[in-house]
Amino acid sequence: MKRKIAIAADHAGFEYKEYLKQQLQDEFEIQDFGTHSLESVDYPDFVHPAASSVENGDNELGILVCGSGQGVQLSANKHQGIRCALSWMPEIAALSKQHNNANMVALPARFVAKEYALEIVKTFLNTEFEGGRHQNRVDKIAFC
């Protein structure tokens, strides 16, 4: 059975979202939360439903894309059960998963090539949480 992945983007990340879906569709079941065009939109309208789907277990992990990656990452991290990591290189994505048990990754479309974004995402999706000493720290992230 394919692992279920949420994906969402704003207008700046739309083309990357479409590219990533195409590249990952054979390996993963991808739920697309939008946007569905290059028309200017407000990223929280797409991020919050995607983050909720990861938080409630409908999707295992999530991928978010906007121009800088910051807006989508900040919005996703408003959810108590989300640990979204802004990743601009595969090593950051790997460490975010290994040490922080990140369950969403945010990509800066204006700062990385599509092919490099795919490498970042694949690293994120295929890296495991190390647990151990990191679990105690992860348990302290949520603050309510």
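It should be emphasised that the depicted structure is a prediction, and the values quoted were computed from it without experimental measurement.

Draft legend 1. How the structure looks around the nonpolar core. Counting 24 residues, the largest nonpolar core has Leu20, Leu24, Ile63, Val65, Leu107 and Leu125 as the members making the most contacts within it. Within the residue set of this core, elements represented by two or more residues are β1 (3-9), α1 (14-24), β3 (61-66), β5 (104-108) and α5 (114-126). By size, the runner-up hydrophobic cluster in this structure holds 17 residues, among which are Ala51, Cys66, Ala76 and Met104.

Draft legend 2. Just the UniProt feature "active site" (unreviewed entry) in the chain, in detail. The positions UniProt marks with the feature "active site" (unreviewed entry) are Cys66 and His99. The annotated residues occupy 34 residues of the chain and do not converge on a single region, their most distant C-alpha atoms lying 24.2 Å apart. Note on placement: Cys66 falls in strand β3. Here Cys66 is in contact with Asp10, Ala12, Gly13, Gly71, Val72, Leu107, Pro108 and Ala109, once residues within four sequence places are set aside. Those residues in contact with His99 that lie beyond four places of it in its chain are Phe129, Glu130, His134 and Val138.

Draft legend 3. Layout of the side chain of Asn103. Positionally, Asn103 belongs in the loop between α4 (90-100) and β5. Looking at Asn103, the relative accessible area reads 9%, which means it is buried. Within the local environment of Asn103, its side chain forms a polar contact with the backbone oxygen of Gly81, the two atoms lying 2.9 Å apart. Excluding its chain neighbours within four sequence positions, the residues that come into contact with Asn103 are Val54, Glu60, Leu61, Gly62, Gly81, Ile82, Arg83, Cys84 and Phe124.

Draft legend 4. Layout of the sheet that holds β3. Pairing is parallel in the open sheet, where 5 strands are placed in the order β2-β1-β3-β5-β4. Looking along the sheet, the strands with just one partner apiece sit at the ends: β2 (28-32) and β4 (84-86). Sheet twist, expressed as the average angle between the axes of neighbouring strands with direction ignored, equals 25°. Alignment of β4 against β5, held across 3 bridges, turns out to be parallel. By the bridge assignment, Ala85 is partnered in β5 with Val105.

Draft legend 5. The pattern of salt bridges, seen in detail. Summed over all chains, the structure comprises 5 salt bridges. One salt bridge in this structure joins Glu18 and Lys21, with 3.4 Å as the shortest N-O distance. Of this pair, Glu18 and Lys21 both sit in helix α1, 3 residues apart, roughly one helical turn. Relative accessible area serves as the criterion here: at 29%, Glu18 is assigned to the partly exposed category. Look at the salt bridges and you will find they share partners, linking Lys17, Glu18, Lys21 and Asp32 into a network.

Draft legend 6. View of the UniProt feature "binding site: D-ribulose 5-phosphate" (unreviewed entry) in the chain. When the UniProt feature table is mapped onto this chain numbering, "binding site: D-ribulose 5-phosphate" (unreviewed entry) sits at Asp10, His11, Gly67, Ser68, Gly69, Gln70, Gly71, Asn100, Arg110, Arg133 and Arg137. Spanning 128 residues, the named residues do not form one spatial group; their C-alpha atoms are separated by as much as 39.2 Å. Gly69 has contacts with Leu86, Ala106, Leu107 and Pro108, leaving out every residue within four places of it along the chain.

Draft legend 7. Highlighting helix α2 (residues 44-55). Over its 12 residues, α2 runs 15 Å from end to end, which matches the ideal 16 Å to within 8%, given 1.5 Å per residue. Residues Phe46, Val47, Ala50, Ala51, Ser53 and Val54 constitute the buried set of α2. Within α2, the buried residues cover an arc of 155° as seen down the axis, which keeps them to one side. Backbone geometry just downstream of α2 places Gly57 in the positive-phi region, at approximately 90°.

Reading guide: rules and limits
Residues numbered from 1 in each chain as written. Predicted model: local features only at pLDDT ≥ 70, side-chain atom pairs only at ≥ 80, totals over all residues. Heavy atoms only, no water. Core = buried A, V, L, I, M, F, W, Y, C linked by side-chain atoms within 4.5 Å. Buried < 20%, exposed > 50% of the residue type's maximum accessible area, 1.4 Å probe, protein only. Helix = DSSP H or I, 4+ residues; strand = E, 2+ residues; numbered from the N terminus. UniProt positions renumbered as here; feature names shortened; annotations may be inferred. Contact = heavy atoms within 4.5 Å. Polar contact = N/O pair within 3.5 Å; in protein donor to acceptor, adjacent residues only side chain to side chain. Pairing = 2+ DSSP bridges. Axes fitted to C-alpha atoms, helices over the stretch in contact; angles between N-to-C directions. Salt bridge = Lys/Arg side-chain N within 4 Å of Asp/Glu carboxyl O. Expected span 1.5 Å × (residues − 1). Arc of directions from axis to C-beta.

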